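Summary of structural features
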Amino acid sequence: MKKLSFVLFTLLLSLALTACGAKEEEKTATNLYEEIKEKGEITIGTEGTYAPFTFHDESGKLTGFDVEIAEEVFKRLDIKPVFVETKWDGMIAGLDAKRYDMVANEVAIREERLEKYDMSDPYISSKAVLVVGEANEDIKTFEDLNGKKVGQSLDSNYRKIAEANGATNTVVDGFNQAIDLITSGRIDATINDNLSYLDLKKQRPDLAIKKVDEEADVTSNAFLFRKDNPELVEAVNGALADMMEDGTYLEISTKWFGEDVSK
């Protein structure tokens, strides 16, 4: 009788564990995109200090090219975008920690990033440029950075370019801080996106800086997501493709840059 009771207990325990496992599997199978749709909003990590991609206008409103592109994408998906502002060097760590669902901040597509993260189809193509003080005659090419001081964000691909050319890096929060360090003589140079440089010169034409070199290769940039969220990435890519097709992307791009920056 005791043996029969033990067998029955074991069977019931096995069934209970199977049921729990099935529930856990069902919970795990719920994808992020479905959760976002059910909630009706998506959280997006961004700097808010990186013109013209993500910054605050004179009224204090968060705006910029990346912001408008993201807003249009999720308008088409009937999801409200909620932007979470953070410094660049902690932005990807914030994605890992699930402080937000994705990042929209002109993130370069790199092989090492693709190993750990999902990325959307590219929506910005740009070139890295080398910027120095107007009176600087020592630095004319990237190779001239050997032994010089630069200012780059810690997790920036521009830092890697600078250090590969022998520069010593001073960690900065962003492009504007690097420019301030150049004009005050505390660093020699910085590397950043050509579109950001052109926008800065348009906004502040009296800045005593100049562009002396640019990379030959174009860098593609995209939205960044945690790994294994194919439904969300597919939905975003579909919206981006529709924007390219119907001219909305070109309209936003022309507003900010005067041209199509996806090519």
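Look a little higher up for the structure.
These remarks concern the structure in this document. This is a predicted model, so every value here is computed, not measured.

**Concerning the side chain of E68**
Position of E68 relative to the elements: it lies in helix α3 (residues 65-76). A polar contact of 2.5 Å, which involves the side chain of E68, links it to the side chain of K255. Leaving out residues up to four positions away in the same chain, E68 has contacts with T63, I252, K255 and W256.

**Observations concerning the packing of aromatic side chains**
One pass over the structure, following the stated rule, counts seven aromatic pairs. Between F65 and F257, the aromatic rings sit 5.2 Å apart at their centres with planes inclined by 70°, giving edge-to-face as the arrangement. Here F257 lies in helix α10 (residues 248-257) and F65 lies in helix α3, a separation of 192 residues in the sequence. With respect to burial, F65 and F257 carry one shared label: buried. Every member of this aromatic cluster is reached through a ring pair, and the members are Y50, F53, F65, Y123, F223, Y249 and F257.

**Digging into the pairing of strand β8 (residues 128-133)**
Of all six residues that make up β8, six are buried, and the element is covered over most of its length. With five bridges joining them, β8 and strand β11 (residues 189-193) adopt antiparallel strand pairing. Looking across to β11, one finds that V132 is bridged to A189. As paired strands, β8 and strand β12 (residues 209-214) are joined by five bridges and run antiparallel to one another.

**Some remarks on helix α8 (residues 194-203)**
Among the residues of α8, those classed as buried are N194, L195, S196, Y197, D199 and L200. Packed against the buried residues of α8 are β7 (124-126), β8, α7 (175-183), β11, β12 and α10. Two or three places before L195, at the opening of α8, D193 has a side-chain oxygen 2.8 Å from that residue's backbone nitrogen.

How each quantity is defined
Residue indices follow the written sequence of each chain, beginning from 1 at its first position. Totals for whole chains, interfaces and linings use every residue, but because this is a predicted model, local features are given only for residues with pLDDT of at least 70 and side-chain atom pairs only at 80 or more, for both listing and counting. To get the side-chain values, take all heavy atoms of the structure and skip hydrogens and water. Secondary structure elements follow DSSP: runs of H or I of four or more residues count as helices, runs of E of two or more count as strands, with numbering from the N terminus. We call two N or O atoms a polar contact when they sit within 3.5 Å, provided that within protein one can donate a hydrogen and the other can accept it, with sequence-adjacent residues counted only if both atoms are side-chain atoms. In what follows, residue pairs with any heavy atoms lying within 4.5 Å of each other are defined as contacts. Aromatic contacts are taken between Phe, Tyr and Trp rings whose centres are within 6.5 Å, Trp giving its six-membered ring; a plane angle under 30 degrees counts as stacked, one over 60 as edge-to-face, and the others as tilted. For every residue, the accessible area (1.4 Å probe, protein chains only) is compared with the maximum for its type, and the residue is labelled buried under 20%, exposed over 50%, or partly exposed between those bounds. A strand pair is defined by DSSP finding two or more bridges across the two strands.

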